[in-house]
Amino acid sequence: MEEGDFLVEEIFGFPWLHVATVGEQAAPLDEDGLLRVTSVRKYHEITYNARSTLVLLVAPSGDVYFRIGRDAGRTSDEPTIPGMWQLVEYTNQEPLILELFNGNEVIRTDNEDSFQGPVEIPGFNES
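What comes next is a walk through the structure. The structure presented is a predicted model; accordingly, all values stated were derived computationally and were not measured.

## Considerations on the pairing of strand β6 (residues 53-58)
Then, number 1: For β6, a buried count of five out of six residues is recorded, marking the element as mostly surrounded by other parts of the structure.
Then, number 2: The pairing of β6 with strand β8 (residues 86-91) spans six bridges and is antiparallel. In the sheet register, T53 faces β8, and the bridge partner there is T91.
Then, number 3: As defined by bridge partners, β6 adjoins strand β7 (residues 64-69) across three bridges and the pair is classed as antiparallel. Across the sheet, the residue bridging to V58 is V64, located in β7.
Then, number 4: Hairpin connection between β6 and β7: a loop of five residues separates the two successive antiparallel strands, and G62 in this loop has a positive phi of roughly 100°.

## Description of the pattern of salt bridges
Then, number 1: One pass over the full model with this rule turns up four salt bridges.
Then, number 2: Across the salt bridge formed by E112 and R36, the nearest N and O atoms sit 2.9 Å from each other. Here E112 is found in the loop between β9 (96-108) and β10 (114-117), whereas its partner R36 is found in strand β5 (residues 36-48), with 76 residues between them in sequence.
Then, number 3: Overall, the relative accessible area of 27% leaves E112 in the partly exposed class.
Then, number 4: You can call R36 partly exposed: its relative accessible area is 24%.
Then, number 5: D113 is the salt-bridge partner of R70, the closest N and O atoms lying 3.0 Å from each other.

Parameters at a glance
- Residues numbered from 1 in each chain as written.
- Predicted model: local features only at pLDDT ≥ 70, side-chain atom pairs only at ≥ 80, totals over all residues.
- Heavy atoms only, no water.
- Buried < 20%, exposed > 50% of the residue type's maximum accessible area, 1.4 Å probe, protein only.
- Helix = DSSP H or I, 4+ residues; strand = E, 2+ residues; numbered from the N terminus.
- Pairing = 2+ DSSP bridges.
- Salt bridge = Lys/Arg side-chain N within 4 Å of Asp/Glu carboxyl O.

Structure (structure tokens):
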């Protein structure tokens, strides 16, 4: 599969548009198991208007992941974050397009928030 390609596969007798492939699934990312990471190969583009507030998960390495989803049945609005990780709110001043192409990581927190990346966010990664 090349960048931007989509597959149509037959599943349960119906054609499905396939745009993401899951690699390693739900591996613990920290010794306490607070974060789980799944590798996903996909091609998505997400646009945020100027002055949108993004919730970012910053790894000890400096890699940045943005919150893309929240579980409706979550037991807490605040995830438990391991030491050396940071949860940061960031407001972009310009329109922002985040490209999730090819090698992506989906990180789930203990409250089932979903973060994806790593991504470069102009104005944030430089600081």
